[in-house]
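What follows is each chain in one-letter form.
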Amino acid sequence: MKMLGAQVAALRRAAGLTQRVLAERLLVDEETVASIEQGRRPLKADLAASLDNILEAKGVLTAALENMPEVDLFPRWAEEYMDLEREAIALSWYDNQVLPGLLQTEAYAYAVFSNDVPTPAEDELGHRVAARMERQEILHRKNPPRTSFVISEAPLMDRLGGDEVREEQLRRLREWADLPGTTLQVMPLGRAHHAGLVGPFILIETPDHQHLAYTDVPHGSQMIADPDSVAHLEHRYAMLRPQALNPQETKDLLNRLLGEQ
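Once a new chain begins, its residue numbering starts again from 1 and follows that chain's sequence as written. Per-residue local features are limited, in this predicted model, to residues with pLDDT of at least 70; the limit for side-chain atom pairs, both in listing and counting, is 80 or more; totals at the level of whole chains, interfaces and linings are taken over all residues. Side-chain metrics in this entry use all non-hydrogen atoms of the structure; hydrogen atoms and water are not considered.

## Some remarks on helix α1 (residues 2-14)
How we decide: The helix count covers DSSP runs of H or I at least four residues long, the strand count covers runs of E at least two residues long, and both are numbered beginning at the N terminus. Helix span is expected to be 1.5 Å times the residue number reduced by one.
Given a rise of 1.5 Å per residue, 13 residues ought to cover 18 Å, and the 18 Å separating the end C-alpha atoms of α1 matches this to within 8%. After α1 finishes, the residue Gly16 shows a positive phi value of roughly 75°.

Structure representation (structure tokens):
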């Protein structure tokens, strides 16, 4: 992906185009072009064909894409979600067994992937962790998406990777809780009412204000575009938020947990 991205950049410069001008001709965001050139975003076949035409590349990019080695690091549905995550203007995330990927420390992410069955090879673990850390850049960009997280208290009690990993992760969560544009809430254990028993899900709002949802289960994760189904999950999330601790109560809980270390 990095090599193909470098080829796109070289062809663009040879054509005398800036990333912004190329993005306008492709009818995509400038960030999309930048991500492709940096190898952070896969080049899709339709976009490769358009680039071949605009940059007069005589089909070179399409041919390169067709002959790229097969990489099964991420399933197709996960790649589709990550593409949307990069461009989203709003994300609402509910998780009940593990902390959201956007909030994980490197050591915690390594511990999560290490608990997969079967355990991935060491080099694959490294690739997965690096990709997860890279995704967190969206929270620090100039115009980050509005993000809301409701997480179960259970992952805060787990000690994946050991006590030091847990303490570092709790400190990171406490820092995230103060991040502008980000809301973090914890759903305490022992609640009498809980709207999230169906399992984890993510709500996405795209730049053109399309509302989508993503559910992540083993070997069956899917993107949901049906308006009624998305609205149903949005209703669930709206119920989860008042059932959870409010943002200040969540900060107080994290402070207490850190004080117990």
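From this point, things continue past the structure.
## Observations concerning the pairing of strand β5 (residues 211-215)
How we decide: For every residue, the accessible area obtained with a 1.4 Å probe (protein chains only) is divided by the maximum for its type, and the residue is called buried under 20%, exposed over 50%, and partly exposed between those limits. Here, strands pair whenever DSSP counts at least two bridges between them.
Here β5 lies mainly inside the structure; four of its five residues are buried. Here strand β4 (residues 201-205) runs beside β5; their pairing, made up of four bridges, is antiparallel. Its bridge partner being in β5, Ile204 is matched across the sheet by Leu212. Between β4 and the antiparallel strand that follows it, β5, lie five residues; His209 among them carries a positive phi value of about 65°. The sheet contact formed by β5 and strand β6 (residues 222-224) spans three bridges and is antiparallel. Bridge assignment links Tyr214 to a residue of β6, and that residue is Met223.

## Brief notes about the sheet that holds strand β3 (residues 182-187)
Counted only if it meets this: Axis angles are defined between N-to-C directions and span 0 to 180 degrees, where every axis is a line fitted to C-alpha atoms and, for a helix, only to the segment in contact.
As summarised here, the arrangement of the six strands in space is β3-β2-β1-β4-β5-β6, forming an open sheet in which the pairing is mixed. Lying at the two open borders of the sheet, with one neighbouring strand each, are β3 and β6. Ignoring which end each strand starts from, the neighbouring axes of this sheet average 15° apart. Both strand β1 (residues 90-95) and β4 contribute to a ladder of five bridges, which runs antiparallel.

## A short note on the nonpolar core
We count it as follows: Here, the term nonpolar core denotes a set of buried Ala, Val, Leu, Ile, Met, Phe, Trp, Tyr and Cys residues that are joined through side-chain atoms within 4.5 Å.
If you look at the biggest cluster of nonpolar residues, it comprises 34 residues, and the most contacted ones within it are Tyr81, Leu91, Leu156, Leu173, Leu184 and Ile204. Residues Leu4, Val8, Leu26 and Ile36 belong to the second largest nonpolar core, which totals 15 residues.

## Concerning the packing of helix α7 (residues 106-114) against helix α8 (residues 122-135)
Helix-helix packing: each pair is described by the crossing angle between the helix axes and the interaxial distance. Short version of the rule: Roughly parallel covers angles under 35 degrees, roughly antiparallel covers those over 145, roughly perpendicular covers 65 to 115, and oblique covers all other angles. We call a crossing left-handed when the near helix sits turned anticlockwise from the far one by less than a right angle, and right-handed when that turn is clockwise. In this analysis, two residues are considered to be in contact whenever any of their non-hydrogen atoms come within 4.5 Å of each other. For this scheme, ten residues count as nonpolar: Ala, Val, Leu, Ile, Met, Phe, Trp, Tyr, Cys and Pro. Four count as charged, namely Asp, Glu, Lys and Arg, and the remainder, Gly too, count as polar.
Closest axis-to-axis distance for the α7/α8 pair is 9 Å, and the angle between their directions is 135°. Relative to α8, the element α7 lies oblique. Where α7 crosses over α8, the two elements pack in a sense that is right-handed. Only Glu122, Leu125, Arg128, Val129, Arg132 and Met133 of α8 make contact with α7, whose side of the interface consists of Glu106, Ala109, Tyr110, Val112, Phe113 and Ser114. Of the residues assigned to the contact of α7 with α8, the class counts are seven nonpolar, one polar and four charged.

## Things to note about the pattern of salt bridges
Definition in use: One speaks of a salt bridge when a side-chain nitrogen belonging to Lys or Arg is within 4 Å of a carboxyl oxygen belonging to Asp or Glu.
This model, assessed by the stated rule, comprises 12 salt bridges. For Arg159, the salt bridge identified is with Asp163, shortest N-O distance 2.7 Å. When its relative accessible area of 47% is taken as the criterion, Arg159 is described as partly exposed. A relative accessible area of 48% means that Asp163 is categorised as partly exposed. Among the charged side chains, a salt-bridge network with shared partners connects Lys44, Asp83 and Arg86.

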